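# Remarks on the overall topology
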Amino acid sequence: MRKIIPSYVRVPVLFAIVFAAMEYFIDSGDKPAFLKYPMVSLFLGVFLFLLVAIEIVVNAVDNVTYHLLTEEQKKQLKEAQALPFTESKFYKGILKKLTRSKTIEQEADVMLDHDYDGIKELDNVLPPWWVYLFYGCIVFAFVYLIRFHVVGDYTQEEEYLAEVAQADKDISAYNLIKPDPVNVDNVVLLTDAGNIAEGKNIFAANNCISCHGANLEGGIGPNLTDKNWINGGDVKNLFTIISEGSSNNPVMAPWKAVIKPTEIQKVASYILSLQGTNPANAKDPEGEIWEATTTEQVTQTKDSITTKEVDIK
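Throughout what follows, the structure given in this document is the object of discussion. Keep in mind that what you see is a predicted model, and the values were worked out from it rather than measured.

Below, the discussion takes up a nonpolar patch on the surface. On the surface, Phe 85, Phe 90, Ile 94, Leu 98, Leu 126, Trp 129, Trp 130, Tyr 132, Leu 133, Phe 134, Tyr 135 and Ile 138 cluster together to form a nonpolar patch covering roughly 1300 Å² of accessible area. Elements with a contribution of two residues or more to the nonpolar patch: α5 (89-99) and α6 (128-150). Looking at the secondary structure, you find Trp 130 in helix α6.

The final tally for this structure, using the stated rule, is ten aromatic pairs. Taken together, a centroid distance of 5.5 Å and an interplanar angle of 55° make the contact between Phe 19 and Phe 34 tilted. Remark: Phe 34 occurs in helix α2 (residues 33-36) and Phe 19 occurs in helix α1 (residues 7-25); sequence separation between them is 15 residues. Here Phe 34 falls in the partly exposed class, since its relative accessible area comes to 31%.

Residue placement: Thr 225 occurs in the loop between α9 (209-212) and β3 (228-229). At a separation of 2.8 Å, a polar atom in the side chain of Thr 225 contacts the side chain of Asn 223. Not counting chain neighbours up to four residues away, the residues in contact with Thr 225 comprise Asn 215, Leu 216, Leu 274, Gln 275, Gly 276, Thr 277, Asn 278 and Pro 279.

Moving on, we come to helix α11 (residues 261-273). Taking 1.5 Å of rise per residue, the 13 residues of α11 would be expected to cover 18 Å, and the 18 Å separating its terminal C-alpha atoms lies within 8% of that figure. Looking at α11, one finds that the buried residues are Thr 262, Ile 264, Gln 265, Lys 266, Val 267, Ala 268, Ser 269, Tyr 270, Ile 271 and Leu 272.

Quick notes on the rules
Residues numbered from 1 in each chain as written. Predicted model: local features only at pLDDT ≥ 70, side-chain atom pairs only at ≥ 80, totals over all residues. Heavy atoms only, no water. Patch = residues over 30% accessible without salt bridge, like charges linked within 9 Å, V, L, I, M, F, W, Y side chains within 5 Å. Areas by Shrake-Rupley, 256 points an atom, 1.4 Å probe, with all protein chains shown as cover. Salt bridge = Lys/Arg side-chain N within 4 Å of Asp/Glu carboxyl O. Helix = DSSP H or I, 4+ residues; strand = E, 2+ residues; numbered from the N terminus. Phe/Tyr/Trp six-rings, centres within 6.5 Å; stacked < 30°, edge-to-face > 60°. Buried < 20%, exposed > 50% of the residue type's maximum accessible area, 1.4 Å probe, protein only. Polar contact = N/O pair within 3.5 Å; in protein donor to acceptor, adjacent residues only side chain to side chain. Contact = heavy atoms within 4.5 Å. Expected span 1.5 Å × (residues − 1).

The structure is reproduced here in structure tokens:
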């Protein structure tokens, strides 16, 4: 077998198997195990060295042994090595164990008396691999029957629901660590009711009402429904202020560590959706009137993205 697979194939394959096994079984987080743990790199280096050393030693022993053979033995060795793999004793032995087939010389022992126009029938046994597989299927079916129909283990519906629940958990965990797609460069104004409602809930949940009021009429913070703005009144300005805080008003702290960029986008969109509503007890205007030119607004919904021209106040 060693002659069939050359050393330049054996060594990389064995090393790759051990390397893959260590990466699979060693929990190294987001880094490969051989980078995170120096001992793994050391082990792999020693293992590779031993593989190469073993190959060198075995080849040296083979050379010494070959020179100790007689001429007749060398001739027999060359003839054995020249045989195709399918003619080797190893291959024939494996094939015989798997099939239990008879040689042509032994066919007379299993020949039946049936004769169909000169075609004779051999009473060969079933291949052992097929028989064992058949028995294995019977055992599996018996265990399955007892487990799911007698004992009453989980049903397919329960298994499906459990996998869906686990998938939801995995998605939620991934969403906590994945990079947020929204930033100040690509943020756009959202106008669909679903995103506006989510923005309102986030606004309330993070106690923004205490400074700006339940209807954005202002309080400690400025009125967010009039035309006057201290730091600019479009979605990009609002996104920046909510995320980074205001240098003009130290009370307005940065919220980027608390609210994700996609949520900040929804809060900013919610604020702009209440422009001109003139709530009761509105605070006096602060800052300067924001007169943005007509610009392109991207309206995002769950099913489509449309573009239209509007006036941003």
